[in-house]
Amino acid sequence: MSLSVGIVGLPNVGKSTLFNALTGAQNAEAANYPFCTIEPNRAAVPMPDDRLAVLAALVNPEKVVRAVVDFTDIAGLVRGASKGEGLGNRFLGAVRECSAVLEVVRCFDDDNISHVSGNADPVRDVETIETELLLADLQSVENRLEKAKRAAKGDKAAQLLRENLEALRRHLDEGRPAATFDAPAGDALHQTLQELGLLTAKKIIYCANIDERAAGNPEAAPHACALRGHAAAAGRECVTVCAKIEEELQGLPEAEQAEILKAYGIKESALAQVVRCCFDSLGLANFFTAGPKEVRAWTISAGSRAPQAAGVIHGDFERGFIRAEVIAYGDYVRLGSEAAARAAGVLRVEGRDYAVKDGDVMHFLFNV
């Protein structure tokens, strides 16, 4: 599996600037006017993880393969987008397949950069975006409900689906996100919800975009403080970045980028912050395979059993799973090699019920 993140926000909040900073793509137009993004921008980015370099130094493989995060940036949403205003609602379908939504919020004042509402107000802007996401979901549910009504005649399963969709519609109509809807267990509604890809059912992470003046002390930026308070009240993660600074670093060597960020007082890159928050919010983890041909990171749901982790590499590994050989990352690094870990007795043989831990170095045995 891979981590996929959809970037949403009002126009002129720095979405495309952030997309360029996160991806190094430099292909998303960032301009001081609404709707400069016309088509969705997409990019796949290697995920930062210092542990891979450490393992590679020990194993000396032919190649190193990092896990990947996919980013999708769409046109800015405005009030009334669900009814056809602006352009963003045309492209919300591009976000429906993403596993998380990164909501970029402008947290700086600049008279030279226009704002669709006249001024920056993070809480108001968040409410505008999330109202549009909810209304878009309501429209999706209503459309699906019409189909369910036509199929419900004489079909008990279809009738139950219709009733549950009607309950979901009422839930959304009351202004509550799909994530808080208590879907009946084992019902066909679950499959329908997966097909709909409701936006308000996804994990939402706030991104406070600050300016260069606040980069060294983001805790004191008033707009960013307001957004963090709103995020805490909603039980959501919030990252704080200066998209402009990080976009300007693209193309520079990693060491030079790190030095410039340090000079600004920025402790962690935007990409590292976003990936970490997404992993925490979605409950993801990485395990590793390490050998002479490659050292590689694989993304799984935290707590996945060994056969499911094997299946991320190849379906045959899961179907024919026999056992897994596991070394904790710390043990591998401390001892320096698989052979040394085996000799020291810290290489474990695990079966089908083993819950894979973040950082496990694994080798799977299978037979098909």
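Structure: above.
The following refers to the structure shown. (Residues numbered from 1 in each chain as written. Predicted model: local features only at pLDDT ≥ 70, side-chain atom pairs only at ≥ 80, totals over all residues. Heavy atoms only, no water.)

Summing up its helical and strand segments, the protein chain has 14 helices and 12 strands in all. The buried share of the protein chain, reckoned over its 368 residues, is 49%. A separation of at least 24 residues holds for 69% of the contacts in the protein chain among residues at least 6 apart in sequence. Accessible area for the protein chain stands at about 17,400 Å²; split by element, carbon and sulfur atoms hold 49% of it. (Helix = DSSP H or I, 4+ residues; strand = E, 2+ residues; numbered from the N terminus. Buried < 20%, exposed > 50% of the residue type's maximum accessible area, 1.4 Å probe, protein only. Contact = heavy atoms within 4.5 Å. Areas by Shrake-Rupley, 256 points an atom, 1.4 Å probe, with all protein chains shown as cover.)

Right, let's get into the environment of Gln159. Of note, Gln159 is situated in helix α5 (residues 156-173). As a C-alpha pair, Gln159 and Ala148 span 11 residues in sequence and 7.5 Å in three-dimensional space.

A few words now on unusual backbone geometry. Backbone geometry at Asn12 places phi at a positive 60°, although glycine is not the residue there. Summarising the element assignment, Asn12 is placed in the loop between β1 (3-8) and α1 (15-23). With relative accessibility at 15%, the residue Asn12 sits in the buried group. Backbone geometry places Asn60, a non-glycine residue, at a positive phi of 55°. Residue placement: Asn60 occurs in the loop between α2 (50-59) and β3 (63-65).

This next bit is on the packing of aromatic side chains. All chains considered together, the criterion is met by four aromatic pairs. Among the aromatic residues, those joined into a ring-pair cluster are Phe287, Phe321 and Phe364. A cation over a ring is seen here: Arg51 above Tyr329, with NZ or CZ 6.0 Å from the ring centre. (Phe/Tyr/Trp six-rings, centres within 6.5 Å; stacked < 30°, edge-to-face > 60°. Lys NZ or Arg CZ within 6 Å of the ring centre and 35° of its normal.)

Mapped onto the secondary structure, Ile113 falls in the loop between β5 (100-106) and α4 (122-151). On the accessibility criterion, Ile113 (28% relative accessible area) is partly exposed. Remark: the alpha-carbon pair of Ile113 and Asn12, spanning 101 residues in sequence, is separated by 7.3 Å.

Read from one edge of the open sheet, six strands run β2-β4-β1-β5-β6-β7, paired in mixed fashion. Strands at the two margins of the open sheet, each flanked by one partner only, are β2 (41-46) and β7 (238-241). Along the sheet, successive strands turn relative to each other by an average axial angle of 25°, direction set aside. Pairing analysis gives seven bridges linking β5 to strand β6 (residues 203-209), with the strands arranged parallel. Each residue of the ladder has a partner; that of Leu102, found in β6, is Ile205. Together, β5, β6 and β7 form the strand contacts of helix α7 (residues 222-234), whose direction differs from that of β6 by roughly 165°. (Pairing = 2+ DSSP bridges. Axes fitted to C-alpha atoms, helices over the stretch in contact; angles between N-to-C directions.)

Bringing the nonpolar core into the picture now. One recurring pattern in soluble globular proteins is that nonpolar side chains are buried together. By size, the foremost hydrophobic cluster in this structure holds 72 residues, and its most contacted members are Leu3, Leu18, Leu22, Val69, Phe71 and Leu102. Contacts of Leu102, omitting those with residues within four sequence positions, involve Val5, Gly6, Ile7, Val8, Leu18, Leu22, Ile205, Cys207 and Val274. In this structure, Ala285, Phe317, Val326 and Met362 belong to the second largest nonpolar core, which totals 15 residues. (Core = buried A, V, L, I, M, F, W, Y, C linked by side-chain atoms within 4.5 Å.)

We now examine the pattern of salt bridges. Applying the stated criterion across every chain, the model contains 20 salt bridges. Here Asp137 makes a salt bridge to Arg96, at a shortest N to O gap of 3.3 Å. Of this pair, Asp137 sits in helix α4 while Arg96 is found in helix α3 (residues 93-96), placing the two residues 41 residues apart along the sequence. The same class applies to Asp137 as to Arg96, namely buried. For Arg348, the salt bridge is made with Glu350, and the minimal N-O distance between the two is 3.0 Å. Residue Arg348 is classed as partly exposed on the basis of its relative accessible area of 27%. Three or more residues joined by partner-sharing salt bridges are found here, namely Asp49, Arg51 and Asp358. (Salt bridge = Lys/Arg side-chain N within 4 Å of Asp/Glu carboxyl O.)

Moving on, we get to α7. Along its 13 residues, α7 runs 19 Å from first to last C-alpha, staying within 8% of the 18 Å computed at 1.5 Å per residue. When α7 is considered as a whole, its buried residues turn out to be His223, Ala224, Leu227 and Ala231. Down the axis, α7 shows its buried residues gathered within 95° of arc, on one side only. Away from its buried face, by an angle of more than 90 degrees, α7 presents the exposed residues Pro222, Ala232 and Ala233. Buried residues along α7 sit in contact with β5, α4, β6 and β7. (Expected span 1.5 Å × (residues − 1). Arc of directions from axis to C-beta.)

Before going further, it helps to spend a moment on the pairing of β1. When you tally the buried positions in β1, you get six out of six residues, the bulk of the element. Residues of β1 alternate between two faces, with Leu3, Val5 and Ile7 on one and Ser4, Gly6 and Val8 on the opposite face, all of them buried. Here β1 pairs with β5 via four bridges, running parallel. Within the sheet, the bridge partner assigned to Ile7 lies in β5 and is Leu102.

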